Amino acid sequence: MSNILHTVNKSPFLNQTLKHCLGRIQSGDSVLLLEDGVYAALSSQPWAMLMNPSHQYYAIKADVEARGLGEDKLLSHITLIDYEQFVELSTEHSTVQSWY
Amino acid sequence: MNKPKTKKLLFLFRHAPYGSALAKEGIDAVLAASAYDQDLSVLFMDDGVFQLLKHQKPDDIEEKNIINILSAFTLYDIQSLFVCQESLAERGLRNTDIAIGINIVAHNTVSQLLSQQDHILSF
């Protein structure tokens, strides 16, 4: 069965891409937040409840730290990764879908 | 000769830092405008409030820290800084999360501020 790595690089407050992505993910898929997409990792963001913990969620650590988002502000089921791990994730999934 | 009338300019920041060049370009525009002796105000709303967060460390994405540049506003005598309270609340942010001295204003003050201007420059 194919599994997809979904990447979201836009802020969920100004752009619908997070919502569109979350509405279409299937079991086995993962979501990676990068660039302004990392604001979706905030536990206080209004769409957090749509981020079903049965999927794997990742965020690029450098993008999170750049924006001053402390770990205490993040959803607990987000794993922070670097670009090498992003490459690994890409190879572990059958395809990558970029939502931008 | 009459001195030209001072204009009221509002710089409106509505985008997050780093994801685009808007924040940096806007700040450059504010600093440039400050040389012309006009009546300047700066308002952060919507995702623009993310520019104000403490603890930003953009070294690993090879950007300049927005907070260091925003802190220069006081050196340029730009005192009228405002942030929209609702935009902060919508993002679960508190005034203790903000790195610089700024006036937190409610929706009606934001509307007032917008309506008082000769020009609004949006970034």
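An unreviewed UniProt entry lists chain B under the name Sulfurtransferase TusC, with Candidatus Endobugula sertula as the source organism.

Visitor: So, the overall build of chain A: which residues are in play, and what are the values?
Guide: The helix and strand inventory of chain A stands at three helices and five strands. When the elements of chain A are put in sequence order from the N terminus, they spell out β-α-β-β-α-β-α-β. Here chain A has a C-alpha radius of gyration of 12 Å; the compact-globule value for 100 residues is 13 Å, and the two agree. Overall size of chain A, expressed as C-alpha extent along the three principal axes, is 35 × 30 × 25 Å.

Visitor: For unusual backbone geometry, give the residues involved together with the corresponding values.
Guide: Residue and element names in this part refer to chain B. Positive phi values are uncommon outside glycine, yet Y18 reaches one of about 75°. Secondary-structure assignment places Y18 in the loop between strand 1 (8-13) and helix 1 (22-33). A relative accessible area of 10% places Y18 in the buried class. One non-glycine residue, E62, lies in positive phi territory at about 55°. You can see E62 is positioned in the loop between strand 2 (39-44) and helix 2 (66-71).

Visitor: Go over the nonpolar core, please, and point to the residues and values.
Guide: Soluble globular proteins tend to bury their nonpolar side chains together. One finds L33 of chain A together with F11, V42, L70 and F73 of chain B to be the most contacted residues of the largest nonpolar core, which totals 54 residues. Listed by contribution, the elements that provide at least two residues to this core are helix 1 (17-22), strand 2 (30-33) and strand 3 (56-60) of chain A together with strand 1, helix 1, strand 2, helix 2 and strand 3 (81-84) of chain B. Ranked by residue count, the leading element in this core is helix 1 of chain B, at five residues. If near-sequence neighbours (up to four positions away) are discounted, L70 of chain B is found in contact with I27, F44, Q51, L52 and I100 of chain B.

Visitor: Pulling in residues and values, what's your account of the interface of chain B and chain A?
Guide: Across the contact, 21 residues belong to chain B and 16 residues belong to chain A. Across the chain B to chain A interface the summed buried area is about 1500 Å²; carbon plus sulfur atoms make up 59%. On the surface where chain B and chain A come into contact, there are one salt bridge. Residues D97 of chain B and K73 of chain A are paired through a salt bridge, measuring 3.0 Å at the closest nitrogen-oxygen approach. Run the count over chain B and chain A and you get five residue pairs in polar contact (both at pLDDT 80 or more). Residues belonging to the side of chain B that touches chain A are distributed by class as follows: seven nonpolar, five polar and nine charged.

Visitor: How would you explain the pattern of salt bridges if you had to name every residue and give the values?
Guide: Between side chains of opposite charge, a pair can form when the charged atoms approach closely. Residue and element names in this part refer to chain B. Taken as a whole, this structure holds nine salt bridges over all chains when the rule is applied. Here K8 makes a salt bridge to D39, at a shortest N to O gap of 3.1 Å. Of this pair, K8 sits in strand 1 while D39 sits in strand 2, and the two are 31 residues apart along the sequence. Judged by relative accessible area, K8 falls into the partly exposed class, the value being 26%. The exposure class assigned to D39 is partly exposed, which follows from its relative accessible area of 31%.

Visitor: Tell me about helix 1 of chain B, residues and numbers included.
Guide: Compared with an ideal rise of 1.5 Å per residue, which puts 12 residues at 16 Å, helix 1 of chain B spans 16 Å between its outermost C-alpha atoms and is within 8% of the ideal. In this structure, the buried side of helix 1 of chain B is in contact with strand 1, strand 2 and helix 2 of chain B.

Visitor: Break down the side chain of N9 of chain A for me, with residues and values.
Guide: Residues and elements named next belong to chain A. Within the secondary structure layout, N9 lies in the loop between strand 1 (4-8) and helix 1. For N9, a relative accessible area of 17% translates into the label buried. The contact partners of N9, leaving out residues within four places of it in the chain, are L34, E35, D36, G37, W99 and Y100.

Parameters and conventions
All residue numbers here refer to positions counted from 1 along the written sequence of the relevant chain. Each chain takes a letter, starting from A, and each ligand takes a number, starting from 1, following the order in which they are written. Note on the predicted model: pLDDT of at least 70 is required for a residue's local features to be given, and 80 or more for side-chain atom pairs to be given and counted; whole-chain, interface and lining totals, by contrast, use all residues. Think of the side-chain values as coming from all heavy atoms in the structure, minus any hydrogens and water. Here a helix means four or more residues in a row that DSSP labels H or I, a strand means two or more in a row labelled E, and each is numbered from the N terminus. Taken over C-alpha atoms, the radius of gyration is set against a globule rule of 2.2 Å times the number of residues to the power 0.38. The buried label goes to any residue with under 20% of its type's maximum accessible area, the exposed label to any with over 50%, and the partly exposed label to all in between, with areas taken from a 1.4 Å probe on protein chains only. Only buried residues count toward a nonpolar core. Its members are Ala, Val, Leu, Ile, Met, Phe, Trp, Tyr and Cys residues joined through side-chain atoms within 4.5 Å. Two residues form a contact once any of their heavy atoms are found within 4.5 Å. By buried area we mean the combined loss of accessible area, with a 1.4 Å probe, across both parts when two parts are placed together. When a carboxyl oxygen of Asp or Glu is within 4 Å of a side-chain nitrogen of Lys or Arg, the pair counts as a salt bridge. In protein, a polar contact means a hydrogen-donor-capable atom and an acceptor-capable atom, both N or O and within 3.5 Å, with residues adjacent in sequence counting only if both atoms are side-chain atoms; elsewhere, any N or O pair within 3.5 Å suffices. All residues other than Ala, Val, Leu, Ile, Met, Phe, Trp, Tyr, Cys, Pro, Asp, Glu, Lys and Arg, Gly among them, are scored as polar; the first ten of these are nonpolar and the last four charged. Multiplying 1.5 Å by the residue count of a helix minus one yields the expected span of that helix.

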